[in-house]
Amino acid sequence: MTWTKELDEAAVLATRSGYWHVVLFYLLCGLAAIPTSFLVFAQVFTNATPEHWCAPPKVLENLGLPDDIIRSLTIPRQNGVYESCRAYDFDSKELRNALKDYVEESTVAVKEDTVVRSLKIYQLIPSISNLSSKNLIGNISEAVLSVRRNTTSPCQNGWRFSREQYRRTHVTEFSLVCDLEWLPRMSNTLFWVGSIFGNLFFGWISDRYGRRTTILLMIFLEVPLPIAAAFATSYWTYVGLFIVGGLFFPALYQQPFILALELMPPGQRNNSGIVVGMLFATGMCILALLAYAVKDSYHLALLTSLPFILLYGFYWIIPESPRWFVGRGRIADAEKVYRNLARKNGINLPKGFLLEIHQKTIKEEENTQEELEVLPNMNGHISGYTGLPEKDEITDRRISNMLTFKPDLTNISEIDNSSKESLENIKALEVAEIVNRKSKMKRDDEDIKDQNITELTNLDSQYHQKSIQTDNSKHSGNTLRRKSIQFINKLFIHEEGEDDDDIIEKKIMDDQNSEGDCKASLLDIFRYPNIRKKFFILTFDWIALGVVYNSLTYNTPNLGVNDYLAFFIGGAVEIPSYFLAWRCMERYGRRWVLCSFTCIGGIACISCILVPESWPWITVALSMFGRLFAASSFAVFYVLIGEILPTVLRAQAMGASSFISGLGLLAVPYIVHLAVYSRALPLAIMGVLSVMGGITALFLPETLNQPLPQTLGDGEMFGRDFKILSCVQRQSDKM
């Protein structure tokens, strides 16, 4: 696979000692997890709806009566539960007459901003203040009951809210109850709508302008939004800022994860998804503790936004992805990233070391065997292919391009008619056969080398004829795009000064080793059958896992315990799940672990149907068990999707997949709402969806101990012929 082994070896060399790469790894994982957990789940508390009921008539407000007494006099009750949006009818004049022996009316001046207005208030008559509170309450209650009607109507005087769990939320501040109770749900839905479009945009930005550029852009735009939302004077202002913030949520979670995945050596890639998941769960626990400490939406918004001003310091910390640089043909820049990383680790890597690794890799593959052997193993991966020619400036670029761009072999006229291989296999192995033929003929006669180069050139010209014509017809558009990329690089890419010799050396290295992957676009997913199949399976699994995980999270307050405690328990349950996923992935691989976890969690949720309503704690235990495995599955899935997709398309494909899964998340509030009919109904739906996601995971190839696919050709060949029931082979068995 082009440059894959070289990049893995370079990452190992740059991180073989020191601690800076560890610090950088946790900074990236923390960036992906902590701010995003606050952003998406703080609304659970800021938009919380505490217990509420209709406010009493004005004449009863300032009598000093206990709230429970006034509530029992003015609010209807059924089966021990008070109505939230209706109250008994009173004739205001009759009520004042009934209370004339206890209440007097007075007028006070109230200043609001620069306006002074008169307000009528009702107070107890001082002469009756000597009565005992018991007698006073009894007399007033009799007077109120004497004029209370048996009919009810919607709240006329506003609402009263319980302050036991929440002192202030957006619901209490803007009275978003009864006829307006749909507004908080609408804002949650619009948040996910914003995240859907943000996925595609930032995925395209990441693959076009780089991981570092995208992350810095999101930090620059995202940090001020929650701070501004804390000072919103109307709910619609808050909703607008909240929706814009939703544009950044999935990309802010994905892009640092992608960068950490592409920076780390192969042995530490398992840690990326696991550590991000653990920190995300930790962020949820911290959020619950902060919300419990302040119990106020305004102070909670500040506590979960102001500290992230420190994220602007990432401009001087995070590097660009070397794999992205190689995908853009910038080999020298990729080497510079590894050299800087190594220098901060106390390691000195010489200039040109990446190119030396590349040349050494080619020579090793040349000397392995006389003939080309392409043998798919049990998981469908290339077990080895040899007989590659020596490094040649022309053929190296031609071979890379043939695998990178849109394969169209229908015009090749030199295919052996007696071959019984399918066209699909010919596409994957045509280039390798030409290379093998060239290698064998070279040992017999050096003159045949020119003939093979001509053959490769002709084959390549057939692949790229249309693209060359398109490039010429769009010269002005390419110039504008090139200028925009240069501007972005100057703005966001933090580099030390380079002299003329360095620039010339970089240009020579890049020109000789460019892979030609710069033009990979989202449409390439549908041009390559194997990539397309894997993309659709991954997208379905993402929909299933996303709906199940978020439904279980938002369903936590329905457990019948304190909201803060329920949310904290839900986050705490996830932490051991990542340790479980971590150990299982390293030993048993990705696909079987993902299948097992999702099926076990799904069966636990489905089992809630068999639990009687009178045994709520059994349902709680099963739902928490399902959430544990849902979180584990998500951790495994994030590692799997990052390792299956090729580098040149990774961010765009993940963004597109997340875009489609975001449409499924719009159903989460409605699934959770089904609990009003049956506590087990939403859990059963989650369970069925989880089992379906687990079964489809078996149709994905295994990625354990496999190199990351770099080019589109790598992605197409990766896992082409794997067997569904295959298992991971132990390292000792492979030797």
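Above this text is the structure in question.
Nothing here was measured: the structure is a model prediction, and the numbers come from that model.

Participant: Honestly, the overall build of the chain in this entry has me stumped. Any pointers?
Facilitator: Looking only at helices and strands, the chain features 32 helices and eight strands. Residues classed as buried in the chain amount to 53% of the 735 residues present. Contacts spanning at least 24 positions in sequence make up 81% of the contacts within the chain whose residues lie at least 6 apart. When the accessible surface of the chain is totalled, it reaches about 34,000 Å², and 58% of it is carbon and sulfur.

Participant: Explain a nonpolar patch on the surface here, please?
Facilitator: A cluster of nonpolar residues, Phe220, Leu221, Leu306, Ile309 and Tyr312, forms a patch on the protein surface that exposes about 440 Å² of accessible area. Examined against the element boundaries, Leu221 turns out to sit in helix α9 (residues 211-222).

Participant: Which parts of the structure should I look at to understand the packing of helix α24 (residues 529-554) against helix α27 (residues 616-644)?
Facilitator: Describing two packed helices takes the angle between their axes plus the distance from one axis to the other. As a packed pair, α24 and α27 sit with axes 9 Å apart at the nearest point and diverge in direction by 150°. Between α24 and α27, the angle falls in the class roughly antiparallel. Viewed along their axes, α24 and α27 form a crossing whose handedness is left-handed. Where α24 approaches α27, its residues Lys534, Leu538, Asp541, Trp542, Leu545, Gly546, Val548, Tyr549, Leu552 and Thr553 are matched on the opposing element by Ser623, Gly626, Arg627, Ala630, Ala631, Ser633, Phe634, Phe637, Tyr638, Ile641 and Ile644. Each residue belonging to the contact of α24 with α27 can be placed in one class, and the counts come to 13 nonpolar, five polar and three charged.

Participant: I would appreciate a short explanation of the pattern of salt bridges in the present structure.
Facilitator: For side chains of opposite charge, pairing can occur when their charged atoms come near one another. A full pass over the atoms with the stated rule returns 12 salt bridges. When the shortest N-O distance is used, the salt bridge between Arg211 and Glu262 registers 2.8 Å. You can see Arg211 sitting in helix α9 and its partner Glu262 sitting in helix α12 (residues 249-263), a full 51 residues away along the chain. Judged on exposure class, the residue Arg211 and its partner Glu262 are both buried. Note that Glu574 and Arg627 form a salt bridge whose closest N and O atoms lie 3.0 Å from each other.

Participant: Any chance you could explain the state of the cysteines here in plain terms?
Facilitator: A covalent bond between the sulfur atoms of two cysteines is referred to as a disulfide. Evaluated as defined, the whole model comprises two disulfides. Through a disulfide, Cys54 is tied to Cys155; the S-S separation comes to 1.7 Å. Judged by the torsion about the S-S bond (-65°), the Cys54/Cys155 disulfide is left-handed. With Cys54 in strand β1 (residues 52-54) and Cys155 in the loop between β7 (152-154) and β8 (159-161), this residue pair connects regions lying 101 residues apart in the sequence. Of the two residues, Cys54 and Cys155, both sit in the buried class. Through a disulfide, Cys85 is tied to Cys178; the S-S separation comes to 2.1 Å. Measuring the twist about the S-S bond at about -100°, one finds the Cys85-Cys178 disulfide to be left-handed. With a gap of 93 residues between them, Cys85 in the loop between β3 (81-82) and β4 (86-88) and Cys178 in the loop between α7 (170-174) and α8 (182-209) connect regions that are remote in the sequence. Free cysteine: Cys605, not disulfide-bonded; nearest cysteine sulfur from Cys608 at 6.0 Å. Cys608 gets classed as buried once you look at its relative accessible area, which sits at 0%.

Participant: Explanation requested: the nonpolar core in the structure shown.
Facilitator: If you look at soluble globular proteins, the nonpolar side chains tend to sit buried side by side. Phe45, Ile274, Phe280, Leu287, Ile318, Phe637 and Met654 are the most contacted members of the largest nonpolar core, which totals 143 residues. For this core, the leading source of residues is α27, giving 15 residues. In this view, Ile318 contacts Leu24, Leu28, Arg212, Ile215, Leu216 and Leu259; residues no more than four positions away in its chain are not counted. Formed by 17 residues, the second largest nonpolar core is a distinct cluster that contains Leu60, Tyr88, Phe90 and Leu95.

Participant: What am I meant to see in the environment of Ala635 here?
Facilitator: On the secondary structure map, Ala635 appears in helix α27. Along the sequence, Ala635 and Tyr578 sit 57 residues apart, while their C-alpha atoms lie 6.8 Å from each other.

Participant: Before we go on, may I ask you to explain the side chain of Glu320 in this structure?
Facilitator: Relative to the elements of secondary structure, Glu320 occurs in the loop between α14 (297-303) and α15 (322-327). Among buried charged residues, Glu320 stands out as having no salt bridge; its nearest opposite-charge side chain is Arg211, 5.5 Å away. Here Arg211 takes part through its backbone nitrogen, which lies 2.9 Å from a polar atom of the side chain of Glu320. Among the polar contacts made by the side chain of Glu320, one reaches the main-chain amide nitrogen of Arg212 at a distance of 3.2 Å. With near-sequence residues (within four places) excluded, Glu320 lies in contact with Tyr209, Gly210, Arg211, Arg212, Thr213, Leu259, Leu263, Phe325 and Val337.

Participant: Which parts of the structure should I look at to understand helix α30 (residues 681-696)?
Facilitator: Turn by turn, an α-helix covers 3.6 residues, leaving residues three or four places apart pointing in a common direction. Helix length check: α30, at 16 residues, gives a terminal C-alpha distance of 24 Å against a target of 22 Å (1.5 Å per residue), a fit within 8%. What α30 keeps buried is the set Pro682, Leu683, Ala684, Met686, Gly687, Leu689, Ser690, Gly693 and Gly694. Where α30 is buried, its residues meet α24, α26 (591-606), α27 and α29 (668-673).

Participant: For this particular structure, what's the right way to read the environment of Phe353?
Facilitator: Considering the arrangement of structural elements, one finds Phe353 in helix α17 (residues 353-366). C-alpha separation for the pair Phe353 and Tyr338, spaced 15 residues apart in sequence, amounts to 9.9 Å. Apart from residues lying up to four places away in sequence, Phe353 is in contact with Ala10, Leu13, Glu335, Tyr338 and Arg339.

Participant: Would you mind showing me how to read the packing of aromatic side chains here?
Facilitator: Each aromatic ring pair is described using two quantities: the centre-to-centre distance and the angle formed by the ring planes. Per the counting criterion, the structure on display carries 27 aromatic pairs. Between Trp204 and Tyr209 the ring centres are 6.0 Å apart and the planes differ by 85°, which places this aromatic pair in the edge-to-face class. Geometrically, the ring pair formed by Phe597 and Phe629 is edge-to-face, given 5.5 Å between the ring centres and 65° between the ring planes. Here Phe629 lies in helix α27 and Phe597 lies in helix α26, a separation of 32 residues in the sequence.

Participant: Any chance you could explain unusual backbone geometry here in plain terms?
Facilitator: The phi torsion of most residues other than glycine is negative, and most of the peptide bonds are trans. Located in the positive-phi region is Ser175, a residue other than glycine, with phi close to 55°. Here Ser175 is to be found in the loop between α7 and α8. According to the relative accessible area criterion, Ser175 is partly exposed, its value standing at 26%. You will see that Lys295, though not glycine, has its phi angle at about 50°, which is positive. Inspection of the secondary structure assignment puts Lys295 in the loop between α13 (269-294) and α14.

Participant: Explanation requested: the environment of Phe325 in the structure shown.
Facilitator: On the secondary structure map, Phe325 appears in helix α15. Sequence-distant contacts of Phe325, defined by excluding residues within four places in its chain, comprise Glu320, Arg330, Asp333, Ala334 and Val337.

Participant: Got a minute to help me understand the side chain of Arg71 in this structure?
Facilitator: Relative to the assigned elements, Arg71 resides in helix α4 (residues 67-74). A relative accessible area of 12% places Arg71 in the buried class. Contacts of Arg71, omitting those with residues within four sequence positions, involve Glu51, Trp53 and Tyr82.

Participant: What's the story with the packing of α12 against α27 in this structure? I'm lost.
Facilitator: At a closest axis distance of 11 Å, the pairing of α12 and α27 adopts a crossing angle of 65°. Taken as a pair, α12 and α27 cross one another with a handedness that is right-handed. On α27, the residues that touch Tyr253, Gln254, Phe257 and Leu261 of α12 are Tyr638, Val639, Gly642 and Glu643. Looking at the contact of α12 with α27, its residues break down into five nonpolar, two polar and one charged.

Procedures and definitions
- Residues numbered from 1 in each chain as written.
- Predicted model: local features only at pLDDT ≥ 70, side-chain atom pairs only at ≥ 80, totals over all residues.
- Heavy atoms only, no water.
- Helix = DSSP H or I, 4+ residues; strand = E, 2+ residues; numbered from the N terminus.
- Buried < 20%, exposed > 50% of the residue type's maximum accessible area, 1.4 Å probe, protein only.
- Contact = heavy atoms within 4.5 Å.
- Areas by Shrake-Rupley, 256 points an atom, 1.4 Å probe, with all protein chains shown as cover.
- Patch = residues over 30% accessible without salt bridge, like charges linked within 9 Å, V, L, I, M, F, W, Y side chains within 5 Å.
- Salt bridge = Lys/Arg side-chain N within 4 Å of Asp/Glu carboxyl O.
- Axes fitted to C-alpha atoms, helices over the stretch in contact; angles between N-to-C directions.
- Parallel < 35°, antiparallel > 145°, perpendicular 65-115°, else oblique.
- Left-handed = near helix turned anticlockwise from the far one by under 90°.
- Nonpolar A, V, L, I, M, F, W, Y, C, P; charged D, E, K, R; others polar.
- Disulfide = S-S within 2.5 Å.
- Core = buried A, V, L, I, M, F, W, Y, C linked by side-chain atoms within 4.5 Å.
- Lys, Arg positive; Asp, Glu negative; His and termini not counted.
- Polar contact = N/O pair within 3.5 Å; in protein donor to acceptor, adjacent residues only side chain to side chain.
- Expected span 1.5 Å × (residues − 1).
- Phe/Tyr/Trp six-rings, centres within 6.5 Å; stacked < 30°, edge-to-face > 60°.

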